[in-house]
Every structure is written in structure tokens, then in C-alpha cells.
Amino acid sequence: MTTTRTVQITFDCADPAALAAFWIEALGYKLADPPPGFDTWEAALDAMGVPAEERNRASAIVDPAGTGPRVFFQRVPEGKTVKNRVHLDVRAAAGLQGEGRMAALQQEAERLTGVGGTQLARFEPEPPLRFGHIVMADPEGNEFCLD
């Protein structure tokens, strides 16, 4: 018997709050709700006795519709040193083809550049199997594709 499991995507990073804010923009997600009984994360962290200097150790964002995976950001001491072996494809032009697809991808690349992303490369369509995509990096250099 096969068991279905949920998936959480985890990013090691230097600034969980800032990276969460970027990915909220990229994915249309929202900050995860505070624990039950608390109106804000600040109130929850106060009640838990978490000192101010420790409050940016982690952050999580979730799909408002509840269908996509939770994305978790955890602070680590080391920086990113090599290219990602696994990356996210943000489906910003699903169903589009040709110039319309690339225009939609470029528009999204420019929007994400405005909130801290970096456009690294653009790959034009090469029919019949390559539809074109844009390689981006988030504010901490994690590569992802606009597809």
C-alpha cells in the first residue's frame, strides 16, 4: 500500500524573514499563521520567551488556498557556495507559447527583480520541445526558473 505524504520545501539562509518576504511575492503565498491562541507572531514569541535577537531564526510561508507545499526558511551560519542541484520552477506562463510566453515570463522577471531577485539568463523557445524559460536568483542567490 502506498502512503501519500505532504512535502515541505526548506531553504537554508541568512535572513529568513527577508527571504520569506521575497517568496511570498514570487509564489503568492502568505506568512504562516501564528500558533492557536495568538493574534500575531510577536505575541506568540513574547509568550514563549524568545529574545528579540533570536526571532529571525526561522520563518514559514503557506499557500492561502492550502494546496501548495509549505515553504520553510531556516537561518544557518554558512552562505551559499555552489549552484543548486534542486530548484523551483515558478510556473508564471503555464499554457502560453512563443512570444506571448516569453513576454509574460519577462514581465514576471522584472517584477521579481523589483523585490530583490536577479535575472541570470534567458532561454528562448526552441520548438518542438523547448518552450523557453528565464533563470532567476532570489535575494540570497538561490536559483529558480520562471517557466
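Residues numbered from 1 in each chain as written. Predicted model: local features only at pLDDT ≥ 70, side-chain atom pairs only at ≥ 80, totals over all residues. Heavy atoms only, no water.

(A) Local environment of the overall build of the protein. Helix and strand counts for the protein stand at three helices and eight strands. Sequence-ordered secondary structure for the protein, helices as α and strands as β, is β-α-β-α-β-β-β-α-β-β-β. Overall, the protein is about 55 × 40 × 30 Å in size when its C-alpha atoms are taken along their principal axes. Relative to its 147 residues, the protein shows a buried fraction of 30%. Pairs at least 24 residues apart make up 59% of the contacts formed inside the protein by residues separated by at least 6 positions. Accessible surface for the protein amounts to roughly 9,400 Å². Of this, 55% is attributable to carbon and sulfur atoms. Taken as two groups, the 14 positive and 21 negative side-chain charges of the protein have centres that lie 6 Å from each other. (Helix = DSSP H or I, 4+ residues; strand = E, 2+ residues; numbered from the N terminus. Buried < 20%, exposed > 50% of the residue type's maximum accessible area, 1.4 Å probe, protein only. Contact = heavy atoms within 4.5 Å. Areas by Shrake-Rupley, 256 points an atom, 1.4 Å probe, with all protein chains shown as cover. Lys, Arg positive; Asp, Glu negative; His and termini not counted. Charge placed at Lys NZ, Arg CZ, Asp CG, Glu CD.)

(B) Region of the structure containing the packing of aromatic side chains. All told, the structure shown has five aromatic pairs when counted by the stated rule. Centre to centre, the rings of Trp23 and Phe144 are 4.8 Å apart; their planes meet at 65°, and the pair counts as edge-to-face. Taken as a pair, Trp23 in helix α1 (residues 16-27) and Phe144 in strand β8 (residues 143-146) lie far apart in primary sequence, 121 residues in all. Classification of Trp23 as buried rests on a relative accessible area of 1%. What links up through ring pairs into an aromatic cluster is the set Phe11, Phe22, Trp23, Phe73 and Phe144. (Phe/Tyr/Trp six-rings, centres within 6.5 Å; stacked < 30°, edge-to-face > 60°.)

(C) Looking closely at the sheet that holds strand β2 (residues 30-31). Taken in spatial order, the four strands line up as β1-β4-β3-β2 in an open sheet, and their pairing is mixed. On the outer flanks of this sheet lie β1 (8-13) and β2, each paired with one strand and no other. (Pairing = 2+ DSSP bridges.)

(D) Molecular detail of a nonpolar patch on the surface. A cluster of nonpolar residues, Leu31, Trp41 and Met48, forms a patch on the protein surface that exposes about 290 Å² of accessible area. If you trace the backbone, Trp41 turns up in helix α2 (residues 41-48). (Patch = residues over 30% accessible without salt bridge, like charges linked within 9 Å, V, L, I, M, F, W, Y side chains within 5 Å. Salt bridge = Lys/Arg side-chain N within 4 Å of Asp/Glu carboxyl O.)

(E) The nonpolar core, seen in detail. Ranked by internal contacts, the top residues of the largest apolar core, which has 21 residues, are Trp23, Phe73, Phe144 and Leu146. Breaking this core down by element, the ones donating at least two residues are β1, α1, β4 (70-75), α3 (98-113), β7 (133-137) and β8. Tallying contributions element by element places α1 first for this core, with five residues. Apart from the residues lying within four places of it in its own chain, the contact partners of Phe73 are Phe11, Cys13, Pro16, Leu19, Ala20, Trp23, Arg57, Ala58, Ser59 and Ile61. (Core = buried A, V, L, I, M, F, W, Y, C linked by side-chain atoms within 4.5 Å.)

(F) Here's a closer look at the environment of Val7. Counting through the fold element by element, Val7 comes out in the segment before β1. According to the relative accessible area criterion, Val7 is exposed, its value standing at 55%. Sequence separation between Val7 and Arg70 is 63 residues, and the spatial gap between their C-alpha atoms is 7.3 Å. Leaving out residues up to four positions away in the same chain, Val7 has contacts with Pro69 and Arg70.

(G) Structural view of the packing of α1 against α3. Axis separation between α1 and α3 bottoms out at 10 Å; the angle between their running directions is 160°. Viewed along their axes, α1 and α3 adopt a mutual orientation that is roughly antiparallel. α1 and α3 meet at a crossing whose hand is right-handed. In contact with Phe22, Glu25 and Ala26 of α1, α3 contributes Glu108, Arg111 and Leu112. Considering only residue class, the contact of α1 with α3 consists of three nonpolar, no polar and three charged. (Axes fitted to C-alpha atoms, helices over the stretch in contact; angles between N-to-C directions. Parallel < 35°, antiparallel > 145°, perpendicular 65-115°, else oblique. Left-handed = near helix turned anticlockwise from the far one by under 90°. Nonpolar A, V, L, I, M, F, W, Y, C, P; charged D, E, K, R; others polar.)

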